[in-house]
Amino acid sequence: MRYLHLTILSSLVVALALLGVGCGGGPTGAGPGGETDKGGETPKTGELKPVVAEGRGTLKGTVVVAGLTPEILEKAKAAHKKALEEAKQDKEHCLQNDPGQQTWVVGAGDGLANVFVWVAPPDGHYFNLDEKDRDVKALGIEEVSIDQPHCAFIPRAVVLFPSYYDPQTKKQVPTGQKFTVKNSGTLNHNTNWQSAPPNRGDNKTVPPNSNLPIPAFRPAPREITFACNIHPWMRAYARVYDHPFATVTDKDGKFEIKNVPAGAELRLMYWHESMKEPKELKKITLTKDETLEEKITITAQ
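Residues numbered from 1 in each chain as written. Predicted model: local features only at pLDDT ≥ 70, side-chain atom pairs only at ≥ 80, totals over all residues. Heavy atoms only, no water.

Here we have five strands laid out as an open sheet, ordered E8-E16-E15-E12-E13, and mixed in their pairing. One side of each edge strand has no neighbouring strand; the edge strands of this open sheet are strand E8 (157–160) and strand E13 (202–206). This sheet shows a mean twist of 20 degrees between the axes of neighbouring strands, independent of strand direction. Here strand E15 (residues 224–227) runs beside strand E16 (residues 235–240); their pairing, made up of four bridges, is antiparallel. Residue pairing across strands places Phe226 opposite Ala236, the latter belonging to E16. (Pairing = 2+ DSSP bridges. Helix = DSSP H or I, 4+ residues; strand = E, 2+ residues; numbered from the N terminus. Axes fitted to C-alpha atoms, helices over the stretch in contact; angles between N-to-C directions.)

Let us look at the packing of aromatic side chains. For any pair of aromatic rings, the description rests on two quantities: the centre-to-centre distance and the angle between the ring planes. Taken as a whole and assessed by the stated rule, the structure comprises seven aromatic pairs. Note on Phe179 and Phe217: the rings are 6.3 Å apart at their centroids and 50 degrees apart in plane angle, and the pair reads as tilted. Highlighted residues: Phe179 in strand E11 (residues 178–183) and Phe217 in the loop between strand E14 (210–214) and E15, separated in sequence by 38 residues. Aromatic ring contacts, followed pair by pair, group Phe116, Tyr237 and Trp271 into a single cluster. Here the basic side chain of Arg134 rests over the ring of Tyr164, its NZ or CZ set 4.9 Å away from the ring centre. One residue, Arg239, lies across the ring of Trp271, its end atom 5.1 Å from the ring centre. (Phe/Tyr/Trp six-rings, centres within 6.5 Å; stacked < 30°, edge-to-face > 60°. Lys NZ or Arg CZ within 6 Å of the ring centre and 35° of its normal.)

On average, residues of the chain score 85 in pLDDT, and 85% of them are at 70 or above. Low pLDDT, under 50, characterises residues 2–29; the stretch is placed with 119 contacts to residues that sit more than four places away or in other chains. Segment residues 33–42 is flagged for pLDDT under 50; beyond a separation of four residues in sequence, or across chains, it makes 43 contacts in the model. (pLDDT = per-residue confidence, 0-100. Contact = heavy atoms within 4.5 Å.)

A few words now on the state of the cysteines. What the rule picks out here adds up to one disulfide. Bridging Cys94 to Cys151, the disulfide has an S-S length of 2.0 Å. Torsion about the S-S bond of the Cys94 and Cys151 cystine: about -60 degrees, corresponding to left-handed handedness. Remark: Cys151 occurs in the loop between strand E6 (143–150) and strand E7 (152–154) and Cys94 occurs in helix H2 (residues 91–96); sequence separation between them is 57 residues. As far as the burial class goes, Cys94 and Cys151 line up, both buried. (Disulfide = S-S within 2.5 Å. Buried < 20%, exposed > 50% of the residue type's maximum accessible area, 1.4 Å probe, protein only.)

Once that is clear, we can look at the pattern of salt bridges. Tallying each qualifying case throughout the model produces 13 salt bridges. For Glu223, the salt bridge goes to Arg222, with nearest N and O atoms at 3.5 Å. By relative accessible area, Glu223 is classed as buried at 7%. In this structure Arg222 comes out as partly exposed when scored by relative accessible area, which is 29%. Beyond isolated ion pairs, a larger network of salt bridges with shared partners links Arg56, Asp130 and Asp133. (Salt bridge = Lys/Arg side-chain N within 4 Å of Asp/Glu carboxyl O.)

Quick look at a negative patch on the surface now. Together, Glu131, Asp135, Glu142 and Glu143 give the surface a local cluster of negative charge. Within the secondary structure layout, Glu142 lies in the loop between helix H4 (136–139) and E6. (Patch = residues over 30% accessible without salt bridge, like charges linked within 9 Å, V, L, I, M, F, W, Y side chains within 5 Å. Areas by Shrake-Rupley, 256 points an atom, 1.4 Å probe, with all protein chains shown as cover. Lys, Arg positive; Asp, Glu negative; His and termini not counted. Charge placed at Lys NZ, Arg CZ, Asp CG, Glu CD.)

Further remarks concern unusual backbone geometry. Cis rather than trans, the peptide bond between Ile154 and Pro155 has omega equal to 0 degrees. Here Pro155 is to be found in the loop between E7 and E8. The omega angle of the peptide bond from Pro197 to Pro198 is 15 degrees, so this bond is cis rather than trans. Looking at the secondary structure, you find Pro198 in the loop between strand E12 (189–194) and E13. The residue Asp110 is not glycine, and still its phi comes out positive at about 65 degrees.

Shown next as structure tokens:
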């Protein structure tokens, strides 16, 4: 095992401009590399080279939070409580099912939940995926969903893999993955999602005990934000990739990415909702059958 301990400063400011009315409603990394690629869709110009894998390895580790002082945590709790108290609708229901502030969800050993971790190809390269890499059913990610059982989105962070880069056509080819926003609760919700190009936002009503299929997003450098204007404390985030080498930390900050291409230099990326944009942590090269472990420390501010 190799271990790395890096401290990364991140901002607590997470306010985003949101459009529409209703409930629920750079850095490199998500797609093929290149000077014009900031982590999302394939650059429009230039010939990309494939990442040549010499076997596969596993990337795993933990993201922990440091400097989460009582003052910072109380500020987050106070903002959440104020939003709840000012709710124009469904206040009593929401208070009964309130999970508390969700920006800083900290588990065992100061592990930080809901952090996106992924690998990206070097500039000018793309992941030439095998059939098993593209098989979302076999990977267990054929269907991804966010639910609204009460006044919160669950889960708060999801990884999407709707397409992959085809070097023959130089276009994105659908994987067949389906993404749905559910409402298993008893209240009407509107799912309001916002993003930057090439994706577009929208705002749809989701009645109780119903599902809203979301059209496939394109791999992009920016996160997709799901929000609620009636219940303004509600948030969820998705990041969209054209490869399966991405994950989200669990309740204790643990992460694991299997079948990472070995023998090639890759970029280790991360993003948490307290950060303005993704960061490249370091460049890594796995050897065949290696398990590389990384420890990332995010300092709260």
